[in-house]
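# Observations on the three-dimensional arrangement
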Amino acid sequence: MVKTSEKFPGVEWIEGTGEFIKIDEDKCTGCANCVNVCLAGCFEIVDKKANIKTLEECMECASCWYICPEDAIQFSWPPGGTGYKSEWG
Ligand code: SF4
Ligand code: SF4
C-alpha cells in the first residue's frame, strides 16, 4: 500500500519497510540529537533513551546515524521496492 504525505508534497512511502533503523540502548546517552535532526519526527526520548516512534515517514536520509555522537544508531536501507519515494527520483 502507498501512503502519500501532506507535510511533504511529492513524497510517498510504500509499505513493507520494516525496522531498518535500530538504537543500541547501551550506547545511547539520551542527548536528543537524533530527535532534533529528524524532519520526519521518527524519534522521541523515553526514560532518557532514544526511542523510534515510527519509521512511516522516514526519508532514509541517514542524518540520525551521522549525527549520533555515541554510534548508537544502526542504519541500513529498507528492502528494495519499499520505503521512501519521491517524484524527483
Ligand atoms: S543521537 Fe544517539 S546518543 Fe543521542 S539520543 Fe539519539 S541515539 Fe541516543
Ligand atoms: S534516516 Fe532521516 S528521516 Fe529517517 S529517521 Fe533518520 S533522520 Fe529521520
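Description of the structure in this document. (Residues numbered from 1 in each chain as written. Chains lettered and ligands numbered in written order. Predicted model: local features only at pLDDT ≥ 70, side-chain atom pairs only at ≥ 80, totals over all residues. Heavy atoms only, no water.)

### Topic: the overall build of the protein
Under the convention used in this document: For helices the rule is a DSSP run of H or I covering at least 4 residues; for strands it is a run of E covering at least 2, with both sets numbered from the N terminus onward. Exposure categories follow from relative accessible area, calculated using a 1.4 Å probe and restricted to protein chains: below 20% of the type maximum is buried, above 50% is exposed, and the middle band is partly exposed. Computed with a 1.4 Å probe, the accessible areas rest on the Shrake-Rupley method; for each residue, only the protein chains presented here act as cover. In this count, Lys and Arg are taken as positive residues and Asp and Glu as negative ones, while His and the chain termini are left out. Think of each charge as sitting on NZ of Lys, CZ of Arg, CG of Asp or CD of Glu.
Counting its regular elements, the protein contains two helices and seven strands. For the protein, the spread of C-alpha atoms along the principal axes amounts to about 35 × 25 × 20 Å. Put simply, the protein has 89 residues, and 31% of those count as buried. Only carbon and sulfur atoms are counted for the fraction: they give 51% of the accessible area of the protein, which is about 5800 Å². Positive and negative side-chain charges in the protein, numbering 8 and 15 respectively, have mean positions lying 3 Å apart.

### Some words on the site of ligand 1
Worth spelling out the cut-off: Note on terminology: near, applied to a residue and a molecule or strand, indicates that one of the residue's heavy atoms is within 4 Å of it. For cavity detection a 1 Å grid was placed over the protein atoms alone, and a set of points counts as a cavity when a 1.4 Å probe fits there but cannot get out; an open set counts as a pocket when protein lies on both sides within 12 Å along at least five of seven lines, with lining residues being those that have an atom within 4 Å of a point. Pocket or cavity membership: a molecule qualifies when more than half of its atoms sit within 2 Å of the grid points of that site. Three residue categories are used. Nonpolar comprises Ala, Val, Leu, Ile, Met, Phe, Trp, Tyr, Cys and Pro, charged comprises Asp, Glu, Lys and Arg, and polar comprises the others, including Gly.
Around ligand 1, the surrounding shell consists of Cys28, Thr29, Gly30, Cys31, Ala32, Asn33, Cys34, Ala50, Cys68, Pro69, Glu70 and Ile73. If you map ligand 1 onto the pockets, it falls in the largest cavity. Split into classes, the residues belonging to the shell around ligand 1 amount to eight nonpolar, three polar and one charged.

### Considerations on the site of ligand 2
Lining the immediate surroundings of ligand 2 are Ile21, Cys38, Cys42, Phe43, Cys58, Met59, Glu60, Cys61, Ala62, Ser63, Cys64 and Phe75. Its residues assigned to classes, the shell around ligand 2 shows ten nonpolar, one polar and one charged.

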